[in-house]
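Each chain, letter by letter, is given below.
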Amino acid sequence: MKIYTITFIIFLTISKLFSQNISISASNQLKAGSGYEIGGVYLHKNKKNYFDNISDFRLFLPNTAIGFRLEYANPPEFGLKFVGIRDVFVDYVKDNFNIRAGYINDLFARGLSLNLFRKRELAFDSGIEGLRIGYEGKFISGKVIGGDLNFVDPTNIFINNPITENYKIRGLNLEIRPITYLLIGGNFVHTEGFIPSPISTLDSIEANIPEIYLKSKISDFDFFISYAIKRTLQKNSSTKKGSGLYSSFSYAGEKIGLTIEYKDYRFDIVNPIKRADVFRPTRALPFQNPPTVHKEHSFTLLQRFPHVVDFNDEVGLQLDAFFSITNSTTLNTNFSLASRHFDYEKGLNPLEFNQKRLGIDWLPSLDRKRSPFWEIYFDIEHFYDDADSYVRLGLNRRSKIFYENLGFYVSDLSLRTLTLPAEIQHRWNSYLVTKLTSESQWVFEYTDDKKYYNHLVGLSGNLFSKLTVGFRYEKTTSKYEPEGRKDWFVVEFGYRFGMANSIIINYGRERGGKVCTQGICREILPYNGLRLNINTNL
Amino acid sequence: MKRIIFFTFIFVTLYNINSSAQIKTIPNFMLEGIDGKKYSLHEFLKEGPVYLCFWALWCIPCRAELKDLNSIQTMYKDKKVTILAINIDSPKSTAKVRSYVSTQKFNFKVLLDPNSNLFETLSGKNLPYSLLVNQNGEIIKTRNSYLPGDKQSIIEDFDQILKSIK
């Protein structure tokens, strides 16, 4: 308690003493819930109460921002319990220079060698505690970064003693713009890490990740390509080399916007047995997070059954286009395809595998032995004169095959879904706006011959731009739900005070499932109960 | 008991910050635009007030706000108000942002904050998140949601800030 008191006193004293030049900003987010989750090996109902309060304080001086977060997550909604002060930083910007000390999120190019970010809803945080010095010039820019990362993978936070990986990270980024249309960049990241794997005894690593990239923009065309090599050194072991390539090409016209992306991630291609060890020290490290190269959706049912990107062994492409049919109607189409690079055949003994080439390894394949994923999506959006009224209709077809040959058995899980989402929002008069959502989904897990149908309906109304009342109902014909349930419902009430403060209360039964954002995935357990969210900005 | 003391302390502090009615000044920042050029906030503040709107492709209310901002920008094209739409999509979507923006024919500048550095520095937590900054760099209004009907309140804010300049 003492530390909070001292920090607040210092903070407020500074602000009062230098009130002419200093301003304070604070925001608070409180999330609390009371109910139960269905989880664990025997799918028991477990009481779930949580209380997460985050207060962010910012102190702005001329050219300088100072900030910290006061967190009370006890018990947390997800992630680890924490009570105290974190994310302290000082940010100084003067002319073309910037210096930041303390908590840092950063990105080099598209994240092949370094992408430090936080996703609280997934309990993912790869931000470091350290120092960054940057320069932004017209022809040249660059930054150096150094710090420590203590990383807990969101997939193991639920075990009794979560595994914490420690890294010392040093990075350098340099960009040169020799002519207006061209930018050439390079990064070098060095890390010394400790990864306490429950399987491997080699837990100390040293890795070097050099990267080179090129960016060009000519008229309405954009081109980007980046290539990174990762060399991992371990004691008493040979150097392991992996690589990653990402490229994008886009055209931005008045009527058509087109983007083609390509990925070839080979940071750690290993046989199925080694692949099962998710803590292997040679894998892509948690601060490497390149583009996923497939679409992330906003409709609820489309967020189910996500494709989990394997940054160690995946090749794929994506084509995304926006067509502006009229000034108020836009069509979005998306196609993505991805697969592993190789097949593995069993050797003479159960632990032996032979890598087998199936087709061109630098192109994705539909061969089931390469675990293919593909998705096609259309969505049309029409806004009426007033942006408060719109219609959005979508169509999605998705297929993924998870082929695993572990020597003892062959597992070939295939899943196909067809989803039709729709959303209609209408302004009736100056104070009432309603929104209707309907999502239909047909699921085929054809190896096990499982077929079922999911449907979600939502209706909400907003009054005077302040009060929101909503209802969501979901049903399934699936017999395979962990809790054996066939339907779920949630009622929601929200009220906004002023423009920056809001309260949301919802109550009901929520369906669980896997959620992924930016290639980071987490399993959400079914939850029954009450949730309260209060957001405040001062 | 500790929890009660802790939260009482937070709310008293927040209340103190609020009641002191301090002027909140935004620090300068430099971001890359979707045209590949670098822009700093100070450049725009020299012209007049700035409305900063953080958004992402997946955020549907943000897209409604951008539609409204497009028509607001047209209404105020001869007035010295700048609208800056700051995209916080992660690097996975950066390539698509430009093609989306061009087909929507947005008439305001779109900047990129791909790892949400600026968003977090300015205490952003959820999208949509927007700030209205006057010519002296003082934050006049913060908005942490975009509900139907908010277009009118943005227009009122713009009129008020322009009146204060005169």
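Look up a bit, the structure's there.
Residues numbered from 1 in each chain as written. Chains lettered and ligands numbered in written order. Predicted model: local features only at pLDDT ≥ 70, side-chain atom pairs only at ≥ 80, totals over all residues. Heavy atoms only, no water.

Novice: Can you walk me through the overall build of chain B in this structure?
Specialist: Within chain B one finds six helices and eight strands. In chain B, the succession of α and β elements from N to C terminus is α-β-β-β-α-β-α-β-α-β-α-β-β-α. Expressed as a percentage of the 166 residues in chain B, the buried residues total 66%. Long-range pairs, those at least 24 residues apart, make up 70% of the contacts in chain B with a sequence separation of at least 6. (Helix = DSSP H or I, 4+ residues; strand = E, 2+ residues; numbered from the N terminus. Buried < 20%, exposed > 50% of the residue type's maximum accessible area, 1.4 Å probe, protein only. Contact = heavy atoms within 4.5 Å.)

Novice: Looking at this model, I keep getting lost on the overall build of chain A. Mind explaining?
Specialist: A tally of regular secondary structure across chain A gives two helices and 30 strands. Seen through its C-alpha atoms, chain A measures out along the principal axes to roughly 70 × 55 × 55 Å. Burial status across chain A gives 53% buried among its 538 residues. Looking at chain A alone, contacts between residues at least 24 apart form 55% of all its contacts between residues at least 6 apart.

Novice: Explain the nonpolar core to me, please; I cannot follow it from the model alone.
Specialist: Note that soluble globular proteins tend to have their nonpolar side chains buried in a common cluster. One finds Leu52, Phe54, Trp55, Leu69 and Phe158 of chain B to be the most contacted residues of the largest nonpolar core, which totals 55 residues. With six residues, strand 4 (residues 50-55) of chain B is the largest single contributor of residues to this core. Other than its neighbours up to four places away in sequence, Leu69 of chain B contacts Tyr51, Cys53, Ile83, Phe108 and Ile154 of chain B. Ranked by size, the runner-up nonpolar core spans 34 residues in total, among them Phe108, Ala109, Leu116 and Phe151 of chain A. (Core = buried A, V, L, I, M, F, W, Y, C linked by side-chain atoms within 4.5 Å.)

Novice: Would you mind showing me how to read the interface of chain A and chain B here?
Specialist: It is common to give the size of an interface as the accessible area that goes away when the parts come together. The interface of chain A with chain B comprises 103 residues on the first partner and 64 residues on the second. Roughly 7,000 Å² is buried in total at the junction of chain A and chain B, and carbon and sulfur atoms are behind 56% of that figure. The partner of Glu381 of chain A in a salt bridge is Arg63 of chain B, and the shortest N-O contact between them spans 2.9 Å. Inspection of the chain A/chain B interface yields 24 residue pairs in polar contact (both at pLDDT 80 or more). (Buried area = accessible area lost by both parts, 1.4 Å probe. Salt bridge = Lys/Arg side-chain N within 4 Å of Asp/Glu carboxyl O. Polar contact = N/O pair within 3.5 Å; in protein donor to acceptor, adjacent residues only side chain to side chain.)

Novice: What am I meant to see in the environment of Arg392 of chain A here?
Specialist: Inspection of the secondary structure assignment puts Arg392 of chain A in strand 21 (residues 390-405). With relative accessibility at 2%, the residue Arg392 of chain A sits in the buried group. Between the alpha carbons of Arg392 of chain A and Gly171 of chain A there is a distance of 44 Å; along the sequence they are 221 residues apart. Those residues in contact with Arg392 of chain A that lie beyond four places of it in its chain are Ser298, Phe299, Tyr377, Asp379, Ile380, Glu381, Pro421, Ala422 and Glu423 of chain A together with Ile60 of chain B. One polar contact links Arg392 of chain A to Ser298 of chain A, side chain to side chain, over a distance of 3.3 Å.

Novice: Explain the pattern of salt bridges to me, please; I cannot follow it from the model alone.
Specialist: Pairing between side chains becomes possible if they bear opposite charge and their charged atoms approach one another. Evaluation of the coordinates by the stated rule reveals 41 salt bridges over all chains. The partner of Arg266 of chain A in a salt bridge is Asp361 of chain A, and the shortest N-O contact between them spans 2.7 Å. Of this pair, Arg266 of chain A sits in strand 15 (residues 256-266) while Asp361 of chain A sits in the loop between strand 19 (353-356) and strand 20 (373-383), and the two are 95 residues apart along the sequence. Judged by its relative accessible area of 9%, Asp361 of chain A falls in the buried class. A salt bridge links Arg280 of chain A to Asp268 of chain A; the shortest N-O distance between them is 2.6 Å. Taken together, the residues span a long stretch of sequence, with Arg280 of chain A in the loop between helix 2 (272-275) and strand 16 (314-326) and Asp268 of chain A in the loop between strand 15 and helix 2 at a distance of twelve residues. Of the two residues examined, Arg280 of chain A and Asp268 of chain A, each falls in the buried class. Connected through salt bridges with shared partners, the residues Arg496 of chain A together with Lys141, Arg143, Asp150 and Asp157 of chain B form a single ionic network.

Novice: Can you walk me through the state of the cysteines in this structure?
Specialist: Put plainly, a disulfide is one covalent bond tying together the sulfur atoms of two cysteines. Residue and element names in this part refer to chain B. For the structure on display, the rule yields one disulfide over all chains. Each sulfur of the disulfide joining Cys59 and Cys62 lies 2.1 Å from the other. On the sign convention where negative means left-handed, the S-S torsion of about 80° between Cys59 and Cys62 marks this disulfide as right-handed. Of the two residues, Cys59 and Cys62, both sit in the buried class. (Disulfide = S-S within 2.5 Å.)

Novice: Explanation requested: the side chain of Ser145 of chain B in the structure shown.
Specialist: Looking at the secondary structure, you find Ser145 of chain B in the loop between strand 8 (138-143) and helix 6 (150-165). Only 3.0 Å separates the side chain of Ser145 of chain B from the side chain of Arg496 of chain A, close enough to count as a polar contact. The residues touching Ser145 of chain B, leaving out its near neighbours within four places in the chain, are Arg496 and Met499 of chain A together with Pro128 and Asp150 of chain B.

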